[in-house]
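Survey of secondary and tertiary structure
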Amino acid sequence: MRFKSKDLLGIEDLDSQDIELVLSTAGSLREVSEREIKKVPTLRGRTIINLFYEPSTRTRTSFEIAAKRMSADAVNISVSASSAVKGETIKDTAKNLEAMKPDCIVVRHSASGVPHMLADYLKCSVVNAGDGAHEHPSQALLDMFTVKEKKGTIKGLKLAIIGDIGHSRVARSNIYGFTKLGAEVVVAGPPTMMPPGIERLGCRATFSMEDAIADADVIMMLRIQLERQKESFFPTIREYSMLYGLDEAKLKMAKKDVLILHPGPLNRGVEISPAVADGPYSMILDQVTNGVAVRMAIFYLLLGAAKE
Amino acid sequence: MNRLIIRGGRLFDPSTGTDGIHNLYVMGGRIASFKPADRDTTEINPGPGVEVIDARGLLVTPGLIDVHTHLREPGFEYKETIRTGTLSAAAGGFTSILCMANTAPVNDNESVTRYILEKAKEEGAVNVFPVGALSVGQKGERLADMRELKRAGCVAVSDDGMPVVNGGLMRKALEYSSVCGMPVISHSEDTALSGSGVMNEGAVSTRLGLKGIPNAAEESMIARDISLAELTGGRLHIAHVSARGSVELIRMARGKGLKVTAEAAPHHLTLTDEAVGRYNTNAKMNPPLRTVADVEALRAGLRDGAIDCAATDHAPQSIIEKDVEFERAANGIVGLETAFSLVYGLVADGLLPLNAAISALTINPARAMGLDRGTLKVGSVADIAIIDVNRDWTVDPLKLKSKSKNTPFTGMTLKGVIVKTIVGGRTVFSAD
Ligand SMILES: [Zn+2]
């Protein structure tokens, strides 16, 4: 099996079978990371470029480790926003990289749609590692993987996504993913951060966190950018935390065996209390571990399976 | 004296209420007469100095007038020049265009106005009427010398591209421009509300993860501008109306008898924000493409006269500005060569009476800007468009006369082919 498309740009483009394929592939690849020699030869001779226009040590590292465990050669290129503005265009950069014959480019950019531009320009595979407020497909896949592993299935679960929905690519990708696998998704956040028409992605929207997390099987807390306070998206951190922070009191409203997800990095004491973040329901470190397996699966399905 | 005879076409001129098969006689660059073809016994002897155009089966209208183009010269000749922009206009059936002041240098003084007019005289294919800047350098701080601009040949003032944020300045512009006999063209936008938005705010921007521009950014500023028009008695023309609430406000203002006119662009009349598709920067413009409800409100406005002009907002941009990330891409599309067909498409679909369509492209813009054009009445300048409304064409950006190719209509098949464009009795464009 391999992907229908040469690229992984968003969960919106996938159907439930594609998603299940990634999850099951990740399931069989995860064991590699438990070995003493954490490497399989599957992608030997393949070159993967991590092209990051936004600093993100964790996501980049996760992709890099995934590539290396599959025996691919991984190269990291960090482009600071300032030099990108002054210097060459995205297209120039892409064409230059393509001249070095990579098999796959993993791209992270603050502008929505950049991976799509690259995918149109380039013959090699493009993986979206997060574009603006649009999508972050590998994050959603690892979130689904984590939940499925613990719950056995995603169908019929209630997922609450809490926080800055408007600016969140994680929210968008997860709304698509979880609803495609049959979950009920409810998003909650302040009205200033709730984008119009979000329901069209398949979720229900509410301004009440309590409403969203009532009887939830999974709660996904989004990282709040503290700078948003300056733009009056919320009055103070304190108020935000009171209304939309997850603490032990609020947690009681969810199901007994609720799972807590967070894409990281955490603002402890803001969107999530330290007790909850480190508590028994927290899946935060599992997410990180599973991220590598899911990204190995993505590389395998885009690059490796071709030969079979 | 040179004579031109256009025979047997369907003469359609809202300014004189003419609609029928006529022969049109032009002498010395002016309309000499027009007569119903079946009762016309004039003997036509082709010979030197006499040109006869067979317009049977074709529509003959006053030359089209566009009150909103960006010719980009001086300063941005790599995007468009007065030469290429007017050739593009001619290919679109336009015989007169107003060019906006956001050039480099800004057209805020007579030397720039004169430069544009001289260039247009030497190289221009159609009539060019410059719009002067409303404020010095379009900085929104103090009024430009409007009297001087008028004397040099400007017909209106506008800071188009740079919304006039300061209501006090807008008030003074409306007051002062009236003694200069020029309307104020307003690009009405509350920039605090539009912020860093790059497309219409709605379900599509949410799906694409792009920052949105709410309708209120336009509506609230139009409400302000209408209040100021009422306060001052000044002549206000509202550029590129895109939002449904704006149409209501303008309808109300016109109902009150205020001196308010307004234009809608063909792209706002035909496309929605869905055209952004997968981050197509050729569907990025300001104001942005809106929703079906807005498109329908604009069409209704054009039908009932709340919106009296169709204007292109022809905004050439090169690949350098467009082939980049969506949020960094420049606003604007080229519009002169697709305008007629897009508006006529509404007529063909039964959504707009022909009279409203042709009025919005001829006599209404002429009246809004105080131009002695847009009519085929006897004695007027012979600016004429001859159009085959039964023929289709497919938009190929490479075939556009404009120097820039930024159109969202690539590959679309449109109705209505411009056969000839005539300026002052002289043919400036012929379809091949
Ligand atoms: Zn404008």
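Refer to the structure presented above.
So, a few notes on the structure that sits alongside this text. (Residues numbered from 1 in each chain as written. Chains lettered and ligands numbered in written order. Predicted model: local features only at pLDDT ≥ 70, side-chain atom pairs only at ≥ 80, totals over all residues. Heavy atoms only, no water.)

What follows is about the overall build of chain B. Along chain B, the regular secondary structure elements total 14 helices and 18 strands. The dimensions of chain B, computed from C-alpha atoms along their principal axes, are 65 × 45 × 45 Å. Within chain B, the fraction of its 432 residues that count as buried is 63%. Taking the intrachain contacts of chain B between residues at least 6 apart in sequence as the baseline, contacts between residues at least 24 apart amount to 74%. For chain B, the exposed area adds up to about 15800 Å²; of that, 50% sits on carbon and sulfur atoms. (Helix = DSSP H or I, 4+ residues; strand = E, 2+ residues; numbered from the N terminus. Buried < 20%, exposed > 50% of the residue type's maximum accessible area, 1.4 Å probe, protein only. Contact = heavy atoms within 4.5 Å. Areas by Shrake-Rupley, 256 points an atom, 1.4 Å probe, with all protein chains shown as cover.)

Glancing now at the pattern of salt bridges. All names here are of chain A. This model, assessed by the stated rule, comprises 36 salt bridges over all chains. Of the charged contacts, one joins Arg108 and Glu54 as a salt bridge, the two residues approaching to 3.6 Å between their closest N and O atoms. Highlighted residues: Arg108 in strand E3 (residues 104–109) and Glu54 in the loop between strand E1 (47–52) and helix H2 (57–69), separated in sequence by 54 residues. In this structure Arg108 comes out as buried when scored by relative accessible area, which is 5%. The exposure class assigned to Glu54 is partly exposed, which follows from its relative accessible area of 21%. Salt bridges sharing common partners tie together Lys4, Asp15 and Asp18. (Salt bridge = Lys/Arg side-chain N within 4 Å of Asp/Glu carboxyl O.)

Residue and element names in this part refer to chain A. Looking at the secondary structure, you find Lys155 in the loop between helix H6 (137–151) and strand E5 (158–162). Since its relative accessible area comes to 62%, Lys155 is described here as exposed. Each C-alpha atom, one on Lys155 and one on Lys180, is 9.0 Å from the other, the two residues being 25 residues apart in sequence.

Moving on: the nonpolar core. Within the largest apolar cluster, 73 residues are counted, with the highest numbers of intra-cluster contacts made by Ile238, Ile250 and Phe340 of chain B. Three or more residues apiece are contributed to this core by two domains, here domain 1 (3–60 + 380–430) and domain 2 (64–369) of chain B. Residues Val127, Leu159, Leu301 and Leu303 of chain A belong to the second largest nonpolar core, which totals 66 residues. (Core = buried A, V, L, I, M, F, W, Y, C linked by side-chain atoms within 4.5 Å. Domains from an automatic or database assignment.)

Time to look at the interface of chain A and chain B. Contacts between chain A and chain B engage 28 residues on the former and 16 residues on the latter. Summing both partners gives a buried area of about 1700 Å² for chain A against chain B, and 54% of it is carried by carbon and sulfur. Counting every contact that joins chain A to chain B gives three salt bridges. Linking Lys91 of chain A and Asp323 of chain B is a salt bridge whose minimum nitrogen-to-oxygen distance equals 3.3 Å. Scanning the region where chain A abuts chain B turns up nine residue pairs in polar contact (both at pLDDT 80 or more). Mapped onto the side of chain A that touches chain B, the elements with two or more residues apiece are helix H3 (81–86), helix H4 (90–98), helix H5 (114–121) and helix H7 (169–180) of chain A. A per-element tally of the side of chain A that touches chain B places H5 of chain A first, with five residues. In the side of chain A that touches chain B, the residues fall into 14 nonpolar, eight polar and six charged. (Buried area = accessible area lost by both parts, 1.4 Å probe. Polar contact = N/O pair within 3.5 Å; in protein donor to acceptor, adjacent residues only side chain to side chain. Nonpolar A, V, L, I, M, F, W, Y, C, P; charged D, E, K, R; others polar.)

Residue and element names in this part refer to chain A. In this model H6 runs 21 Å from its N-terminal to its C-terminal C-alpha over 15 residues, within 8% of the 21 Å that 1.5 Å per residue would give. Burial analysis of H6 places 11 of its 15 residues in the buried class, the great majority of the element. When we look at burial in H6, the residues that qualify are Pro137, Ser138, Gln139, Ala140, Leu141, Leu142, Asp143, Met144, Phe145, Thr146 and Val147. Positive backbone phi, approximately 85°, marks Gly152, located one or two places after H6. (Expected span 1.5 Å × (residues − 1).)

Turning to the coordination of the zinc ion, a few remarks are in order. Ideal geometry at a metal centre gives angles of 109.5 degrees when four donors are arranged tetrahedrally and 90 or 180 degrees when six donors are arranged octahedrally. Residue and element names in this part refer to chain B. Taken together, the protein donors to the zinc ion comprise Asp160 (OD), His187 (ND1) and His240 (NE2), at separations of 2.0 to 2.3 Å. Going along the chain, you hit the donors of the zinc ion in the pattern D-x26-H-x52-H. Remark: His187 occurs in the loop between strand E10 (184–186) and helix H5 (191–194) and Asp160 occurs in the loop between strand E9 (156–158) and helix H4 (167–180); sequence separation between them is 27 residues. Accessibility assignment for this pair places Asp160 and His187 in one class, buried. (Donors = N, O, S within 2.8 Å, 3.2 Å for Na, K, Ca; no water.)

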